[in-house]
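# Notes for the structure review
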Number of protein chains: 2
Amino acid sequence: MSRATDEIDALIAHLARLPGLGPRSARRMVLHLLQKREQALHPLLAGLTRLASSAQNCQRCGNISTAPVCDICTDPRRATGEICVVEDVAALWAMERGGAFAGRYHVLGGTLSALDAMGPEELGIPALLDRVQTEDAREVILALGATVDGQTTAHYIADALAGRDVSVTALAQGVPMGGELDYLDDGTIGAALRARKAF
Amino acid sequence: MSRATDEIDALIAHLARLPGLGPRSARRMVLHLLQKREQALHPLLAGLTRLASSAQNCQRCGNISTAPVCDICTDPRRATGEICVVEDVAALWAMERGGAFAGRYHVLGGTLSALDAMGPEELGIPALLDRVQTEDAREVILALGATVDGQTTAHYIADALAGRDVSVTALAQGVPMGGELDYLDDGTIGAALRARKAF
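Residues numbered from 1 in each chain as written. Chains lettered and ligands numbered in written order. Predicted model: local features only at pLDDT ≥ 70, side-chain atom pairs only at ≥ 80, totals over all residues. Heavy atoms only, no water.

### With respect to the domain arrangement of chain A
Note the cut-off: Each domain's extent was defined by an automatic or database domain assignment.
Examined at the domain level, chain A breaks down into domain 1 (3–54) and domain 2 (64–170). Taking only C-alpha atoms, the centre of domain 1 of chain A and the centre of domain 2 of chain A are 34 Å apart.

In structure tokens form, the structure reads like this:
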């Protein structure tokens, strides 16, 4: 096929590799963008261009931001002395959607992994220890996934903070909202049982 | 929330309105783009920018193209004297995926509709009649949807071509590949029965 179709096909192929899209939805999306150039393609292009030039990682916590330091780190109301450690920005957004946390974050950008050559330096753990000192943090909340890698990383951070004047906590494990026991895995049921509370 | 988050939220909201995407998949897509700026965001931006500046509708058939006349209309091997009339570019792409048609297209851009003020002029039906003349077409294939609007439009075009030296045909209606009778609607079964052929 010729140049025109090649360019459209390349764009569809690129979109189809993004999470949340497949070949069919990428094709429908591109077709819509090409048919509604004024209403759909140009605003999308403007938004992506703005973000591509301004998006960066917050120097302090690693969140995605359009400024060198993100909104959460610059918001004085969030200087609560609590630092929530998350694996990535997706987890930070999930915590923010929950709306239950009013402190600041520390984004690791992954979990400890010998295979992926992710050591404490790559995860910014020394920077976290510095922040605990300079921000005079009272509590570090480990909001890491209940996976082997997530828990290994949590234990490493807890060990690194041992002996400092800061309490280290972790998200509770248990039955999720709306969860039926019949559909839960044994690990979750066991964890929920061990963490049982007076009713 | 502040400026940074507003821009990201606006982009997610814009993407979520595109066909094939919803709020969750738009969020995952934007997060991926922002985290993989070099590998994902910049190539996407480059592809969209190229298409936004070059995409246009073919002056002859209405297909999406990066040149004033599209590849199909300029391909001499496709000057077969057959013009396939489709409702929109999505239908043209679907026909091309099928790979069974080697002629040229005419994209109406809709169907006749009094409500949407779509008359013969808006659908380029006079231009189609001109093309039948100038391209010396032997056959006009009506590849319109088996809907009331699609069939109304097909009848209108067939009437407009009556008296000209061109045969007007339409896609066969019947049982789709892999279709089970139990799941087919009565209209399709009736049409397939009326169009039955010697086995």
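### A few points about the side chain of B:Thr111
Residue and element names in this part refer to chain B. Basically, it comes down to this: Secondary structure elements are defined from DSSP: runs of H or I of at least 4 residues count as helices, runs of E of at least 2 residues count as strands, and each element is numbered from the N terminus. Exposure categories follow from relative accessible area, calculated using a 1.4 Å probe and restricted to protein chains: below 20% of the type maximum is buried, above 50% is exposed, and the middle band is partly exposed. Note on contacts: a residue pair is in contact if any heavy atoms of the two residues lie within 4.5 Å.
Mapped onto the elements, Thr111 comes out in the loop between strand 4 (104–107) and helix 6 (125–134). Judged by relative accessible area, Thr111 falls into the buried class, the value being 11%. Ignoring sequence-local partners within four residues, the contact set of Thr111 consists of Glu87, Met118, Leu123, Asp149, Gly150 and Thr153.

### Focus: the sheet that holds strand 6 (residues 167–170) of chain A
Sheet strands pair by backbone hydrogen bonding; their relative direction is either parallel or antiparallel. All names here are of chain A. Operational definition: A pair of strands is considered paired only if DSSP assigns at least 2 bridges between the two. Every angle, taken between N-to-C directions, lies between 0 and 180 degrees, and every axis is a line fitted to C-alpha atoms, over only the stretch in contact when it is a helix.
Spatially, 4-3-5-6 is the arrangement adopted by the four strands of the open sheet, whose pairing is parallel. Looking at the sheet topology across the chains shown, the edges are occupied by strand 4 (104–107) and strand 6. Geometrically, the sheet is characterised by an average inter-axis angle of 25 degrees between neighbouring strands, direction not taken into account. Where strand 3 (residues 82–86) meets strand 4, four bridges bridge the pair, whose relative direction is parallel. Counted as the bridge partner of Val85 is His106 from strand 4. The strands touched by helix 6 (residues 125–134) within the sheet are strand 3, strand 4 and strand 5 (139–142), with strand 4 carrying the most contacts at an inclination of about 160 degrees. The sheet strands contacting helix 7 (residues 148–161) are strand 3, strand 5 and strand 6, and the helix crosses strand 5 at an angle near 165 degrees.

### Overview of the packing of aromatic side chains
Residues and elements named next belong to chain B. We apply this condition: Aromatic contacts are taken between Phe, Tyr and Trp rings whose centres are within 6.5 Å, Trp giving its six-membered ring; a plane angle under 30 degrees counts as stacked, one over 60 as edge-to-face, and the others as tilted.
Applying the stated rule across the entire model yields two aromatic pairs over all chains. Aromatic pair Phe101 and Tyr105: ring centres 5.2 Å apart, planes at 65 degrees, arrangement edge-to-face. Accessibility expressed as a relative area gives 0% for Tyr105, which makes it buried.

### Some details on the sheet that holds strand 3 (residues 82–86) of chain B
Residues and elements named next belong to chain B. Strands sit in the order 4-3-5-6 across an open sheet of four strands; the sheet is parallel. Each edge of the open sheet is held by one strand with a lone partner, namely strand 4 and strand 6 (167–170). This sheet shows a mean twist of 25 degrees between the axes of neighbouring strands, independent of strand direction. Running over the sheet, helix 5 (residues 89–98) touches strand 3 and strand 4 and is turned about 160 degrees from strand 4. Sheet contacts for helix 7 (residues 148–161): strand 3, strand 5 (139–142) and strand 6; angle to strand 5, the most-contacted strand, approximately 165 degrees.

### So, empty space enclosed by the protein
Note the threshold: A 1.4 Å probe that fits into a set of points on a 1 Å grid over the protein atoms alone but cannot get out defines a cavity; an open set with protein on both sides within 12 Å along at least five of seven lines defines a pocket, and lining residues are those with an atom within 4 Å of a point. Grid points are joined across faces, edges and corners, and a volume is the space filled by probe spheres set on the points. Any residue outside Ala, Val, Leu, Ile, Met, Phe, Trp, Tyr, Cys, Pro, Asp, Glu, Lys and Arg is labelled polar, Gly included; the first ten of those are nonpolar and the last four are charged.
Evaluated as defined, the whole model comprises one cavity of 30 Å³ or more. Estimates place the volume of the largest cavity at around 40 Å³. A:Leu15, A:Met29, A:Leu33, A:Leu44, A:Leu48, B:Leu15, B:Met29, B:Leu44 and B:Leu48 together form the lining of the largest cavity. For the lining of the largest cavity, the elements supplying multiple residues, two or more each, are helix 2 (23–35) and helix 3 (37–54) of chain A together with helix 3 (37–54) of chain B. Considered class by class, the residues forming the lining of the largest cavity number nine nonpolar, no polar and no charged.

### A short note on the packing of helix 3 of chain A against helix 3 of chain B
Quick note on the threshold: Note on convention: the crossing is left-handed when the near helix lies turned anticlockwise from the far helix by less than a right angle, right-handed when the turn is clockwise.
Helix 3 of chain B packs onto helix 3 of chain A with a crossing angle of 145 degrees between their chain directions and a minimal axis gap of 10 Å. Here helix 3 of chain A runs over helix 3 of chain B; the crossing is left-handed. Judged by residue contacts, A:Leu41, A:His42, A:Leu44, A:Leu45, A:Leu48, A:Thr49 and A:Ala52 of helix 3 of chain A engage B:Leu41, B:His42, B:Leu44, B:Leu45, B:Leu48, B:Thr49 and B:Ala52 from helix 3 of chain B.

### Digging into unusual backbone geometry
Apart from glycine, the bulk of residues carry a negative phi angle, and the bulk of peptide bonds sit in the trans form. A positive phi angle is found at A:Asp136, which is not glycine, with a value near 55 degrees. With respect to the secondary-structure elements, A:Asp136 resides in the loop between helix 6 and strand 5. A positive phi angle is found at B:Ala117, which is not glycine, with a value near 55 degrees. Tracing the sequence through the fold places B:Ala117 in the loop between strand 4 and helix 6. By relative accessible area, B:Ala117 is classed as exposed at 54%.

### Description of the interface of chain A and chain B
Heads up, the condition is: Once two parts are brought into contact, the accessible area they lose, counted with a 1.4 Å probe and summed over both, makes up the buried area. A carboxyl oxygen of Asp or Glu within 4 Å of a side-chain nitrogen of Lys or Arg is what we treat as a salt bridge. Any pair of nitrogen or oxygen atoms within 3.5 Å is treated as a polar contact; in protein, a donor-acceptor pairing is required on top of that, and neighbouring residues in sequence qualify only through side-chain atoms on both sides.
Listed as interface residues are 51 residues of chain A and, on the opposing side, 51 residues of chain B. Buried surface at the junction of chain A and chain B, summed over both partners, amounts to about 4,600 Å²; 71% is from carbon and sulfur atoms. Across the contact surface, chain A and chain B share zero salt bridges. Put simply, chain A and chain B have six residue pairs in polar contact (both at pLDDT 80 or more) between them. Residue assignment for the side of chain A that touches chain B shows that the elements contributing at least two residues are helix 1 (3–16), helix 2, helix 3, strand 1 (56–57) and helix 5 (89–98) of chain A. Top contributing element to the side of chain A that touches chain B by residue count: helix 3 of chain A, with 15 residues.

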